[in-house]
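Each chain is listed here by its residues.
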Amino acid sequence: MTAATLLSRLECVRKTGRGRWIARCPAHDDSSPSLSIREIDDGKLLVHDFGGCAANDVLESIGLDIGALFPDRPTDHRRRHERRPFPAEDALRALKTESEIAGIVAMRIAYGYAVDDNEFERFMVSIRRISNAACLAGIDDDERRVRDRLQRNRQLAEAA
């Protein structure tokens, strides 16, 4: 079902933003609009009544079931789902966390502190995630080369 179909069954519908509306809740005596409707990127509809009615009750009162909130499935089952990129803010937040972890462990190694196997493995996960992000961004990096160099440095530190 589309948002337009759902909205056509509601009263006092008012657009509040891109893909967002507010309307009177059909499940209770609603003197002022309390039903929020939002269409998300994949076509799903989110329904929330600030008056406390459950989504099922709202939909039943206008002759629909919960399935109406989900877009119709494409008939071409071979069609691949579109991969949506991460928002830049989310990607940068993840890279910040991974670089902080890598930095902490690298500093421990640089100052001669013992690094246990779990810390070293987490360090390698951070390096791999940062490297993968760079590769996805089109920056070619040989992860194996970095991993081998780190492993050699670890062996040298343990031998000393």
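Cut-offs and rules
Residues numbered from 1 in each chain as written. Predicted model: local features only at pLDDT ≥ 70, side-chain atom pairs only at ≥ 80, totals over all residues. Heavy atoms only, no water. Core = buried A, V, L, I, M, F, W, Y, C linked by side-chain atoms within 4.5 Å. Buried < 20%, exposed > 50% of the residue type's maximum accessible area, 1.4 Å probe, protein only. Helix = DSSP H or I, 4+ residues; strand = E, 2+ residues; numbered from the N terminus. Patch = residues over 30% accessible without salt bridge, like charges linked within 9 Å, V, L, I, M, F, W, Y side chains within 5 Å. Areas by Shrake-Rupley, 256 points an atom, 1.4 Å probe, with all protein chains shown as cover. Salt bridge = Lys/Arg side-chain N within 4 Å of Asp/Glu carboxyl O. Phe/Tyr/Trp six-rings, centres within 6.5 Å; stacked < 30°, edge-to-face > 60°. Lys NZ or Arg CZ within 6 Å of the ring centre and 35° of its normal. Expected span 1.5 Å × (residues − 1). Pairing = 2+ DSSP bridges. Axes fitted to C-alpha atoms, helices over the stretch in contact; angles between N-to-C directions. Contact = heavy atoms within 4.5 Å.

Chemist: Even after reading the chapter, I still don't get the nonpolar core, so can you show me in this structure?
Modeler: Core analysis: the largest hydrophobic core is formed by 18 residues, its most contacted members being L6, L10, L35 and I37. When residues of this core are traced back to their parent elements, those giving at least two are helix 1 (3–8), strand 2 (20–24), strand 3 (35–39), strand 4 (45–49) and helix 2 (55–61). A total of three residues in this core trace back to one element, the largest contributor, which is helix 1. Ranked by size, the runner-up nonpolar core spans eight residues in total, among them F123, M124, I127 and L150.

Chemist: Help me out: how do you make sense of a nonpolar patch on the surface in this one?
Modeler: Together, M107, Y111 and Y113 line one region of the surface with nonpolar side chains, adding up to about 400 Å² of accessible area. With respect to the helices and strands, M107 occurs in helix 3 (residues 88–110).

Chemist: Please clarify how the packing of aromatic side chains should be interpreted in this entry.
Modeler: Under the counting rule described, the total for this entry stands at one aromatic pair. Relative to F123, the ring of F120 has its centre 6.2 Å away and its plane inclined at 45°; by these criteria the two rings are tilted. Taken together, the positions of F120 and F123, both in helix 4 (residues 117–136) and three residues apart, correspond to about one turn of that helix. When its relative accessible area of 4% is taken as the criterion, F123 is described as buried. Against the face of F120 rests R154, its NZ or CZ located 4.2 Å from the ring centre.

Chemist: What is the right way to read helix 3 from this model?
Modeler: Because the α-helix completes a turn every 3.6 residues, residues three or four places apart line up on one side. Taking 1.5 Å as the rise per residue, helix 3 with 23 residues should run 33 Å; its terminal C-alpha atoms sit 32 Å apart, in good agreement. Every buried residue of helix 3 is listed here: E98, A102 and V105.

Chemist: Which parts of the structure should I look at to understand the pattern of salt bridges?
Modeler: Pairing of side chains with opposite charge becomes possible as their charged atoms draw close. Inspection of every chain in the model, using the stated rule, returns nine salt bridges. Between R93 and E89 there is a salt bridge; the shortest N-O distance is 2.7 Å. Of this pair, R93 and E89 both sit in helix 3, four residues apart, which is roughly one turn of the helix. On the basis of relative accessible area, R93 is assigned to the partly exposed category, the value being 45%. Look at E89 and you get exposed, because its relative accessible area is 54%. Counted as one network, the salt bridges with shared partners bring together E89, D90 and R93.

Chemist: Help me understand the sheet that holds strand 3 in this model?
Modeler: Within a beta sheet, neighbouring strands are joined by backbone hydrogen bonds and run either parallel or antiparallel to one another. As summarised here, the arrangement of the four strands in space is 1-2-3-4, forming an open sheet in which the pairing is antiparallel. The sheet is open, and its two edges are formed by strand 1 (11–17) and strand 4, each paired on a single side. Strand-to-strand twist in this sheet, taken as the mean axis angle between neighbours without regard to direction, amounts to 20°. Pairing between strand 3 and strand 4: five bridges, direction antiparallel. Bridge pairing links S36 to H48 in strand 4.

Chemist: What's the story with the environment of C53 in this structure? I'm lost.
Modeler: Within the fold, C53 resides in the loop between strand 4 and helix 2. The residues contacting C53, other than those within four sequence positions of it, are C25, A27, H28 and V58.

Chemist: Help me understand the pairing of strand 2, please; the structure alone is not making it clear to me.
Modeler: Two faces belong to every sheet, and in a regular strand the side chains alternate between them. Sheet topology places strand 1 next to strand 2; four bridges connect them, and they run antiparallel. Pairing of K15 across the sheet is with W21, part of strand 2. Turn length for the strand 1-strand 2 hairpin, with the two strands adjacent in sequence and antiparallel, is two residues, and the turn residue G19 shows positive phi of about 70°.

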